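Observations on the three-dimensional arrangement
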Amino acid sequence: MRLWTLFLVVLSMTWPVFAGQVIHDGDTLRLDGQRVRLWGMDAPELGAMCLRGEHTYDGGAAARAALAGLVGGRAVECAQVGQERSYNRIVARCSVDGLDLSGAMVRAGWAYDFTRYSKCRYRAEEEEARQAGRGMWAGYCEPPWNWRQERRGLRAKP
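Numbering of residues starts from 1 in each chain and follows the order in which that chain's sequence is written. Only residues with pLDDT of at least 70 get local features here, since the model is predicted, and only at 80 or more are side-chain atom pairs given and counted; chain-wide, interface and lining totals rely on the full set of residues. Side-chain measures here rest on the full set of heavy atoms in the structure, leaving out hydrogens and waters.

Side note on the overall build of the protein chain
Where we set the bar: Helix numbering and strand numbering both begin at the N terminus, where a helix is a DSSP run of H or I of at least 4 residues and a strand a DSSP run of E of at least 2. Burial status follows relative accessibility: with a 1.4 Å probe on protein chains alone, a residue under 20% of its type maximum counts as buried, one over 50% as exposed, and anything between as partly exposed. Two residues qualify as a contact provided that any one of their heavy atoms is within 4.5 Å of a heavy atom in the partner residue. Using a 1.4 Å probe, accessible areas were evaluated by the Shrake-Rupley method; residue-level cover was limited to the displayed protein chains.
Scanning the protein chain from terminus to terminus reveals six helices and eleven strands. Taken over 158 residues, the protein chain has a buried fraction of 44%. Look at the contacts in the protein chain between residues 6 or more apart in sequence, and 58% of them connect residues 24 or more apart. Accessible surface, the protein chain as shown: approximately 8700 Å² in total, 55% of it carbon and sulfur.

Structure (structure tokens):
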């Protein structure tokens, strides 16, 4: 029982990270060697081509650049909310200077509200970005859950 209690306390802790930050893609960071998946949103995958006007671009690379810009080498504070066993990474709510990174990515138009997990937490931010034509909403990007299903056979849904 004590071990379980300790596990729950550790799971709910937040920790600041000042060094060793690597932005893997638009929804995953590596903080001091630990892979962290941002909770409640889903960004285009690296290599997922998006369309803006007549031009295509790598939506995943654009989302990664947007997340890197939000973090900007500053301290990232995360609170673990779960574990993704299939990718061996933790799932966490993360912020920089009090800014919720998931919400900021959705509001900027570089991620979707991942309703399957968020229960529509970022629905308003997504609609705001869509109406304003921000980020990927300035054109078309295939939703990442569709892209993964087509390319890897995964069945993740929004």
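A word on the packing of aromatic side chains
For any two aromatic rings, the description comes down to two numbers: the centre-to-centre distance and the angle of the planes. Cut-off, in case you're wondering: The pairing test for Phe, Tyr and Trp rings, Trp by its six-membered ring, is centres within 6.5 Å, and the orientation test on the planes gives stacked under 30 degrees, edge-to-face over 60, and tilted for anything in between.
For the structure shown, the criterion picks out six aromatic pairs. With a centroid separation of 5.1 Å and 70° between ring planes, the pair formed by Tyr 112 and Trp 145 is classed as edge-to-face. Of this pair, Tyr 112 sits in strand β11 (residues 112-113) while Trp 145 sits in helix α6 (residues 144-152); the two residues are 33 residues apart in sequence, bridging distant segments of the chain. Grouping residues by exposure puts Tyr 112 and Trp 145 together as buried. Among the aromatic residues, those joined into a cluster by ring pairs are Tyr 112, Phe 114, Tyr 117, Trp 137 and Trp 145.

Some thoughts on the state of the cysteines
Basically, it comes down to this: In this description, the term disulfide denotes a pair of cysteine sulfurs within 2.5 Å.
This structure, assessed with the given rule, holds two disulfides. With its sulfur 1.8 Å from that of its partner, Cys 50 forms a disulfide with Cys 141. Between Cys 50 and Cys 141, the disulfide has an S-S torsion of 115° and is therefore right-handed. Remark: Cys 141 occurs in the loop between α5 (123-132) and α6 and Cys 50 occurs in strand β6 (residues 49-52); sequence separation between them is 91 residues. One exposure class covers both Cys 50 and Cys 141, and it is buried. Each bonded cysteine of the protein chain is numbered by sequence order, and under that numbering the disulfide pairs are 1-4, 2-3.

Structural notes on the confidence of the model for the protein chain
Applied cut-off: On a range of 0 to 100, pLDDT expresses the predictor's confidence in each residue.
Summarising the model, the protein chain shows a mean pLDDT of 85, and 83% of its residues fall at 70 or more. This model gives residues 1-19 a pLDDT under 50, and the stretch forms 22 contacts once residues within four places in sequence are excluded.

Observations concerning the environment of Gly 109
You can see Gly 109 is positioned in the loop between α3 (101-107) and β11. For the pair Gly 109 and Gly 135, spaced 26 residues apart in sequence, the C-alpha to C-alpha distance is 4.2 Å. Look past the residues within four positions of Gly 109 in its chain and what remains in contact with it is Ala 129, Arg 134, Gly 135, Met 136 and Trp 137.

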